[in-house]
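# Analysis of the macromolecular model
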Amino acid sequence: MTALVLLLAIGPMRAAPAVEYHIQRAASPITIDAKLDEPAWRAAAPTSDFVFNWYASGDKEPTEAKLLWDDDNLYVSWRCSDRHISAFERKRHGPVSKDDCVEIFLSPNPAKVRNYYTFEINAIGTMLNRCRTDWWTGPPTWEPEGVEYRTTFHGLARKDESAGDKEWIVELAIPFSNFSRDAAHTPPRDGDEWRLNLTRIGGQTNPQASTWSPIPPPSRSFHTPENFGKVVFLAQAQRRGGARGFVREPAPNPEEAAAGKALYNANCTMCHGLNGEQGDRAPALGARRNYLRRTSADLFDAVKNGIKGTLMPASPLPDADVHKIVTYIRSLRATAADAPAEGNAANGETIFNGKGGCTQCHMLGGRGGLLGPDLTDIAAERKLADLQAALTHPKSIIPRGFRPVHLTTLDGRQIRGVVKNENNFSLQVLGMDGKLHLLLRSELQQLTYEPESLMPSDFDKKLSKDEFQDLLAFLSRQTRRRAQ
Ligand code: HEC
Ligand code: HEC
């Protein structure tokens, strides 16, 4: 009996939120000016792409949304690609969703998703707010305190569609104090979860409705908090710097990447190679090179719409499948720095400099030996699995520039080292002594290429399990980005 009552009280099982986003603390101040040019915005990851839940026809114009926070505010930005921008509503709390409009609906208490607040803003900067909570007794609309926001066309009397329309931006700062009745903590604490949805709607030509968190049919309403996505506040500040053009995205989800791999291998290998390798008619998608397209949004665009003027065709696959393929391509490209190994990196550094003997052969940040490659940016160049393999398995082919030799000159000198350069007549050998020797083949008595690399491949045996893990944690954090 008790069990039955309990079940009834819980109600029907709810599906887990379809999408999740981690909100980082802004690493630098944000000015609300509808520009999004601050390092903090540039370094922030976009949410996953908006979905068109009720699509019938027309252009699916993308929205790039981002969230950040600090002690005072939740920051939200929308960058809306839009070739037909119009807005006319000027009255506070007027029906702005007729116009080109963006919205955020948020539930600060995940246990009470139906207590939610809305911020709806049209392209000329008219806002409508509602507080839909079990404690609110005022009018249907609501006056939040201290909200700051700007839109690209802020304050215009009207915005008519025009030939030059391309995109518009909304930048919004909401003080956390507005949510103190519902949120567990204001400001939030590390790991606090809220639920929210971000949406876009309205306008005259092509008024598509799209949302970050999908709203499954038959519902046609944004006001369905059960469908809100999950956000988690992270206390850790963003990486500093946010180098220009560098977008940090969440690590690719392995299951989605596996599904994407199958789709890729079934649809793309007539030009690209199997498993993202180079193909007969198209470049490798996961090779180590400087990619033209780096962000999920750019990859999605290339696959969905093709690349004009090249062989790369538009794909007829549904958007959900294209997303999976994009995740797969990102997983091919992910390096150790994208998802650093767990472990005590400080202890790893001690091992690197001491017991591991790594500095004898490797440079890091300008100090160390020359016999092995410089490891200053290794986490951005290699995958975690490559780093692990480098420490535990000899490479089947010793990379150029690191082939070990020993030789004896006609006058009897013995030299051991690695060959940096060679041709039919001469060699440059970097000796174990750290000196560069320039030698003519004609002055050698004997020359032997050693079969094994100087790189020891038994660190999993030389080090304890924890030490090995700590060393990996340290190596997988070695990037130049970090130093900026
Ligand atoms: C008919 C041949 C062909 C097919 C089929 C094809 N591609 Fe391509 N793809 C190309 C060519 C050629 C390029 C290089 C275009 C350029 O020069 O920018 C390219 C470029 C790309 C790029 C951009 C790479 C970068 O770093 O900028 C991506 C991503 C891509 N293809 C993904 C796919 C996916 C995924 C599929 C399958 C759904 C696919 N392609 C099917 C020929 C093809
Ligand atoms: C006696 C010299 C020597 C020592 C000691 C040494 N290495 Fe190496 N290491 C090399 C050489 C030479 C190479 C390049 C040839 C190869 O990969 O086999 C290399 C390659 C590597 C690579 C692969 C780099 C790449 O570009 O893929 C990593 C990672 C690495 N070493 C890490 C370490 C770490 C960490 C330590 C200490 C625990 C260490 N090495 C100790 C000589 C050394």
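What counts, and at which threshold
Residues numbered from 1 in each chain as written. Chains lettered and ligands numbered in written order. Predicted model: local features only at pLDDT ≥ 70, side-chain atom pairs only at ≥ 80, totals over all residues. Helix = DSSP H or I, 4+ residues; strand = E, 2+ residues; numbered from the N terminus. Contact = placed C-beta atoms within 7 Å. Expected span 1.5 Å × (residues − 1). Buried ≥ 20, exposed ≤ 12 C-beta atoms within 10 Å, placed from the backbone. Domains from an automatic or database assignment. Axes fitted to C-alpha atoms, helices over the stretch in contact; angles between N-to-C directions. Parallel < 35°, antiparallel > 145°, perpendicular 65-115°, else oblique. Left-handed = near helix turned anticlockwise from the far one by under 90°. Nonpolar A, V, L, I, M, F, W, Y, C, P; charged D, E, K, R; others polar. Near = placed C-beta within 6 Å. pLDDT = per-residue confidence, 0-100. Pairing = 2+ DSSP bridges. Core = buried A, V, L, I, M, F, W, Y, C linked by C-beta atoms within 7 Å.

This part is about the overall build of the chain. Assigned secondary structure in the chain consists of eleven helices and 18 strands. Contacts in the chain between residues far apart in sequence, at least 24 positions, make up 67% of those at least 6 positions apart.

This part is about helix α5 (residues 319-333). With 15 residues, α5 ought to run about 21 Å at 1.5 Å a step, and its terminal C-alpha atoms sit 21 Å apart, in line with that. Those residues of α5 that fall on the buried side of the exposure criterion are V322, H323, K324, I325, V326, T327, Y328, I329, R330, S331 and L332.

The domain boundaries assigned to the chain delineate domain 1 (17-237), domain 2 (254-334), domain 3 (345-394 + 455-483) and domain 4 (403-449). The C-alpha-based centres of domain 3 and domain 4 are spaced at 28 Å.

Direction vectors running N to C along helix α4 (residues 296-305) and α5 enclose 125°, while the axes themselves pass 9 Å from each other. As far as their axial angle goes, α5 and α4 are oblique. Relative to α5, the crossing made by α4 is right-handed. For the pair α4 and α5, the contacting residues are S296, L299, F300, V303 and K304 in the first and V322, H323, I325, V326, I329 and R330 in the second. Counted by class, the contact of α4 with α5 contains seven nonpolar, two polar and two charged residues.

The subject of this paragraph is the site of ligand 2. Around ligand 2 lies a shell of 26 residues, among which G356, C358, C361, G372 and S453 are the nearest. If you list the elements that add at least two residues to the shell around ligand 2, you get α8 (384-392) and α10 (465-475). Sorting elements by how many residues they give to the shell around ligand 2 places α8 first, with three residues.

Another aspect to go through is the confidence of the model for the chain. Within the chain, residue pLDDT values average 88, and 92% of them lie at 70 or more. Per-element averaging of pLDDT across the chain places helix α1 (residues 2-10) at the bottom with 41 and strand β4 (residues 101-107) at the top with 98. Confidence over residues 1-13 falls short of pLDDT 50; this stretch has zero contacts with residues more than four positions distant or in other chains. pLDDT under 50 marks residues 240-247. Its contacts with residues more than four places away, or in other chains, come to 16 contacts.

Here the residue pair T186 and P187 is connected by a cis peptide bond, since its omega of -10° sits within 30 degrees of zero. Residue placement: P187 occurs in the loop between β8 (167-175) and β9 (193-201). In this structure, the amide linkage connecting P217 to the following residue, P218, adopts the cis form with an omega of 10°. Here A34, not a glycine, exhibits a phi torsion of approximately 60°, which is positive. Following the sequence through the fold, A34 ends up in the loop between β1 (20-25) and α2 (39-43). The exposure class of A34 is partly exposed, given the 19 C-beta atoms found within 10 Å. A positive phi angle is found at N206, which is not glycine, with a value near 50°.

Within the open sheet, the five strands sit side by side as β17-β16-β15-β14-β18. Their pairing is antiparallel. At either end of the open sheet lies a strand with only one pairing partner, and these are β17 (436-440) and β18 (444-449). Neighbour to neighbour, the strand axes of the sheet diverge by 40° on average, direction disregarded. Here five bridges tie strand β16 (residues 426-431) to β17, and the two strands are oriented antiparallel to one another. Residue pairing for β17: V429 is matched across the bridge by H437.

A word on the environment of L196. With respect to the helices, strands and loops of the structure, L196 is situated in strand β9. Sequence spacing of L196 and E226 is 30 residues, and the spatial spacing of their C-alpha atoms is 9.6 Å.

Another aspect to go through is the nonpolar core. Within the largest apolar cluster, 50 residues are counted, with the highest numbers of intra-cluster contacts made by L67, L68, Y75, I121, L172 and L196. Ignoring any residue separated from it by four or fewer positions in sequence, one finds I121 in contact with V96, C101, V102, M127, Y149, T151, V170 and L172.

For the pair helix α3 (residues 254-267) and α5, interaxial distance at closest approach is 7 Å and the crossing angle is 105°. Considering the angle they form, α3 stands roughly perpendicular to α5. On the side of α3, the interface is formed by E256, A257, A259, G260, K261, L263 and Y264, while α5 contributes D321, K324, I325, T327, Y328 and S331. The residue inventory of the contact of α3 with α5, partitioned by class, reads six nonpolar, three polar and four charged.

Right, let's talk about the pairing of β18 for a bit. Counted residue by residue, β18 has zero buried out of six residues, so it is predominantly exposed. As judged from the five bridges shared by strand β14 (residues 403-409) and β18, these two strands associate in the antiparallel manner. Paired with L407 across the bridge in β18 is L447.

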